[in-house]
Amino acid sequence: MKNIGYLFVGIVFGLAITKGEAISWYRIQEMFRFESFHMFGIFMTAVPVGAISLYLLRKFGVKTIEGELIEKPSKKFHPGVIIGGMIFGFGWALTGACPGPLYSQIGSGSIVTIVTLLSAILGTWVFGRVQQFLPGGKINS
């Protein structure tokens, strides 16, 4: 029951991206073809809101459920991020879905998106299995 808040936040997030048409395959295709500002506007709003929110969380010393301070983890650059980002982008352009809206797309009746969800899960599993054999070895998170 202590995690019921996460369910509520997820429902609100799902409703927001559904009503904002961020789960629309057509809107995502318009973005990748530079035909519409809609999705870019959503991102250009979300990034500053997220940055300001994180700043305020740290400034006021808000803690996690476990009682730990919220900190920005330090990560070293790894060239595999470029390749991974390209694979992610191609998948996003082809399927019209990134991990955020997958569940909202399925919940709104786009049952074919289950294939995308299963593909994302399979891709994550495969990466976990082969990561140690890739150039650069295991990426520290």
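Residues numbered from 1 in each chain as written. Predicted model: local features only at pLDDT ≥ 70, side-chain atom pairs only at ≥ 80, totals over all residues. Heavy atoms only, no water.

A. Seen up close, the pattern of salt bridges. Per the stated rule, a full pass over the model turns up three salt bridges. Glu21 is paired through a salt bridge with Arg27; the nearest N and O atoms lie 2.6 Å apart. By relative accessible area, Glu21 is classed as partly exposed at 34%. According to the relative accessible area criterion, Arg27 is partly exposed, its value standing at 22%. Note that Arg27 and Glu30 form a salt bridge whose closest N and O atoms lie 3.3 Å from each other. Linking Arg27 with Glu30, this pair stays in helix α2 (residues 25–32), spanning three residues, or about one helical turn. By sharing partners, the salt bridges in this structure join Glu21, Arg27 and Glu30 into a single network. (Salt bridge = Lys/Arg side-chain N within 4 Å of Asp/Glu carboxyl O. Buried < 20%, exposed > 50% of the residue type's maximum accessible area, 1.4 Å probe, protein only. Helix = DSSP H or I, 4+ residues; strand = E, 2+ residues; numbered from the N terminus.)

B. Looking closely at a nonpolar patch on the surface. Taken together, the side chains of Phe77, Val81, Ile82, Ile83, Met86, Ile87 and Phe90 define a hydrophobic patch exposed on the protein surface, amounting to about 800 Å² of accessible area. Examined against the element boundaries, Phe77 turns out to sit in the loop between α3 (38–59) and α4 (80–95). (Patch = residues over 30% accessible without salt bridge, like charges linked within 9 Å, V, L, I, M, F, W, Y side chains within 5 Å. Areas by Shrake-Rupley, 256 points an atom, 1.4 Å probe, with all protein chains shown as cover.)

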